[in-house]
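Chain residues, written in single-letter form:
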Amino acid sequence: MKITEVTIRQLSMRMKSPFTTSFGTVQDKQFLILEAKDESGLSGWGEGVAFEVPWYTEETVKTSWHMLEDFLIPLVLNKDVQHPDEISAIFKVIRQNNMAKATLESAVWDLYAKRTEQSLAHALGGTKEKIEVGISIGIQPTTEQLLQLIEEHVTAGYKRMKVKIKPDKDIEVIRAIRARFPEVPLMADANSAYSLDDIELLQQLDEFNLMMIEQPLASDDIINHAKLQKQLKTPICLDESICSYEDARTAIELGSCGVINIKFGRVGGLTEAKRIHDLCMQHGIKVWCGGMLESGIGRAHNVALTTLQNFVLPGDTAGSNHYWDQDIISPEVIVEDGYIKVPEGYGVGYEPNMESLEQFTVSKKVYR
Ligand SMILES: O=C(O)CCC(=O)C1=CC=C[C@@H](O)[C@@H]1C(=O)O
Ligand SMILES: [Mg+2]
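What you see is a predicted model, and the numbers here were worked out from it, not measured in a lab.

**Looking at the overall build of the chain**
Stage number 1. Counting secondary structure elements, the chain contains 14 helices and 15 strands.
Stage number 2. Its C-alpha radius of gyration of 20 Å places the chain within 12% of the 21 Å reference for a compact globule of 368 residues.
Stage number 3. Taken along the three principal axes of its C-alpha coordinates, the chain extends 60 × 40 × 35 Å.
Stage number 4. When contacts within the chain are restricted to residue pairs at least 6 apart in sequence, those whose partners lie at least 24 apart make up 72%.
Stage number 5. The chain carries 38 positive and 53 negative side-chain charges, and their two centres are separated by 2 Å.

**A short note on the sheet that holds strand β3 (residues 43-47)**
Stage number 1. Strand order in the open sheet formed by 4 strands is β3-β2-β1-β15, and the pairing between neighbours is antiparallel. Both edges of this open sheet fall to β3 and β15 (361-367), since each of them pairs with a single strand only. Neighbouring strand axes in the sheet, compared pairwise and without regard to direction, differ in orientation by 20 degrees on average.
Stage number 2. Here strand β1 (residues 3-21) runs beside β15; their pairing, made up of 6 bridges, is antiparallel. Bridge assignment links Ile8 to a residue of β15, and that residue is Lys365.
Stage number 3. Running over the sheet, helix α1 (residues 61-76) touches β1, β2 (24-38) and β15 and is turned about 160 degrees from β1.
Stage number 4. Sheet contacts for helix α3 (residues 98-115): β1, β2 and β3; angle to β3, the most-contacted strand, approximately 150 degrees.

**Focus on the site of ligand 1**
Stage number 1. Lining the immediate surroundings of ligand 1 are 18 residues, of which Ser136, Lys162, Asp239, Leu293 and Tyr323 lie closest.
Stage number 2. Between Lys162 and ligand 1, the recorded distance is 2.9 Å, taken from a side-chain N or O atom to an oxygen atom.
Stage number 3. Considering ligand 1 on its own, with 400 Å² of exposed area, one finds that the protein chains cover 100% of that surface.
Stage number 4. The set of elements that each furnish at least two residues to the shell around ligand 1 consists of β1 and β6 (161-164).

**Examining the environment of Arg299**
Stage number 1. Mapping Arg299 onto the fold places it in helix α12 (residues 296-305).
Stage number 2. Separated by 17 residues in sequence, Arg299 and Asp316 have C-alpha atoms that sit 9.7 Å apart.
Stage number 3. Setting aside residues up to four positions removed in sequence, Arg299 forms contacts with Leu293, Glu294, Asp316, Thr317, Ala318, Gly319, Ser320, Tyr323 and Val333.
Stage number 4. A polar contact is formed between the side chain of Arg299 and the backbone oxygen of Glu294, at a distance of 2.8 Å.

**Digging into the UniProt feature "binding site: Mg(2+)" (unreviewed entry) in the chain**
Stage number 1. On the UniProt side, "binding site: Mg(2+)" (unreviewed entry) is annotated at positions that read Asp189, Glu214 and Asp239 here. A maximum C-alpha distance of 9.2 Å among these annotated residues, which run over 51 residues, shows that they cluster at one spot.
Stage number 2. Take Glu214: it is sitting in strand β8 (residues 213-214).
Stage number 3. The residues touching Glu214, leaving out its near neighbours within four places in the chain, are Lys162, Met187, Ala188, Asp189, Ala190, Asn191, Cys237, Asp239, Asn261 and Trp288.
Stage number 4. Following the sequence through the fold, Asp239 ends up in the loop between β9 (236-238) and α9 (245-254).
Stage number 5. Excluding its chain neighbours within four sequence positions, the residues that come into contact with Asp239 are Tyr56, Glu214, Gln215, Asn261, Lys263 and Arg266.

Reading the values: the criteria
Residues numbered from 1 in each chain as written. Chains lettered and ligands numbered in written order. Predicted model: local features only at pLDDT ≥ 70, side-chain atom pairs only at ≥ 80, totals over all residues. Heavy atoms only, no water. Helix = DSSP H or I, 4+ residues; strand = E, 2+ residues; numbered from the N terminus. Rg over C-alpha atoms; globule rule 2.2 N^0.38 Å. Contact = heavy atoms within 4.5 Å. Lys, Arg positive; Asp, Glu negative; His and termini not counted. Charge placed at Lys NZ, Arg CZ, Asp CG, Glu CD. Pairing = 2+ DSSP bridges. Axes fitted to C-alpha atoms, helices over the stretch in contact; angles between N-to-C directions. Near = heavy atom within 4 Å. Polar contact = N/O pair within 3.5 Å; in protein donor to acceptor, adjacent residues only side chain to side chain. Areas by Shrake-Rupley, 256 points an atom, 1.4 Å probe, with all protein chains shown as cover. UniProt positions renumbered as here; feature names shortened; annotations may be inferred.

Now the structure itself:
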């Protein structure tokens with residue numbers, strides 16, 4: 001397989017509603033879509049998940065485009081590649097910049113699956129024909145508005161609710177949710193808003209039967225997560241702390257978490273995501289597929305990844321219609337009663353909608 005042409009598009013898409021976390025709010029989402037073409041003209045597609053602002057990791061849309069243009073595309077263009085696993089090996093000479101790497105690597109995975117006439121799910125070793133999904137709800141102006149959204153999503157059939165917490169918007173919010181929804185599968189994502197000084201406060205969350213508390217402490221604080229986990233009944237789930245197989249191995253060895261949220265963009269691509277999935281399976285650590293407010297291209301890759309056996313917990317892959325009035329794939333990703341049917345077509349199994357793709361494109365460059 002030889003990638004003979006790469007096209008990077010920057011898209012601007014307005015989300016149906018703003019998404020607020022302890023770091024800020026996004027509604028006009030800027031992101032990259034990458035198309036990798038082989039010598040036969042077949043295309044594989046990937047999505048860049050870096051935000052415009054470096055609050056989730058150090059990467060941004062601009063750093064991703066720079067890394068792809070100046071380093072990553074030149075390492076792959078017109079090179080003979082037998083299997084997409086080779087891409088992450090080729091990229092080892094470049095430090096970090098995982099989201100930029102995953103943008104190109106995932107497109108090569110999609111292209112490889114199309115060339116070998118199989119679904120991406122099958123190429124990754126996935127076995128499921130449908131996947132269970134949950135939904136992630138950003139911070140709401142009032143608790144009542146949050147409860148109304150939870151009601152809507154429970155009625156829509158989503159299999160678990162994820163809410164954001166931060167100091168002064170934690171215990172009472174979870175208490176109000178439990179008062180209204182005593183049984184709903186529920187988790188809280190803190191996006192590193194706490195420290196070990198908050199142990200007593202975080203222990204209060206143990207009374208609410210949460211599935212997990214996601215990323216309570218700083219992303220580089222795997223040791224203190226191990227100290228905190230020993231003091232909590234509720235499993236800790238790590239997200240921002242796990243950027244590689246080695247991070248996962250360290251967290252598992254130290255007992256820093258009981259669950260890991262895998263986002264292939266955060267760890268540098270689908271090959272590394274598979275390695276982390278397999279390691280977690282060996283050690284009895286459950287995983288689920290996180291989201292980065294993706295359009296349909298990234299969403300499609302997440303569906304394929306979630307077909308792997310140890311993705312045993314519902315992830316954040318909600319339907320296209322939760323985020324967008326018009327997605328850039330057809331068909332769109334549809335959630336029915338909390339399930340997504342895994343497409344059987346080759347590659348990601350969803351076709352780019354070229355009309356809407358061009359409509360949302362704000363800049364574009366072709367590399368040969
Ligand atoms: O894509 C989705 O719907 C999940 C969005 C989501 O919860 C997150 C996206 C990006 C950073 C965080 O705010 C949060 C997460 O940590 O998982
Ligand atoms: Mg998270």
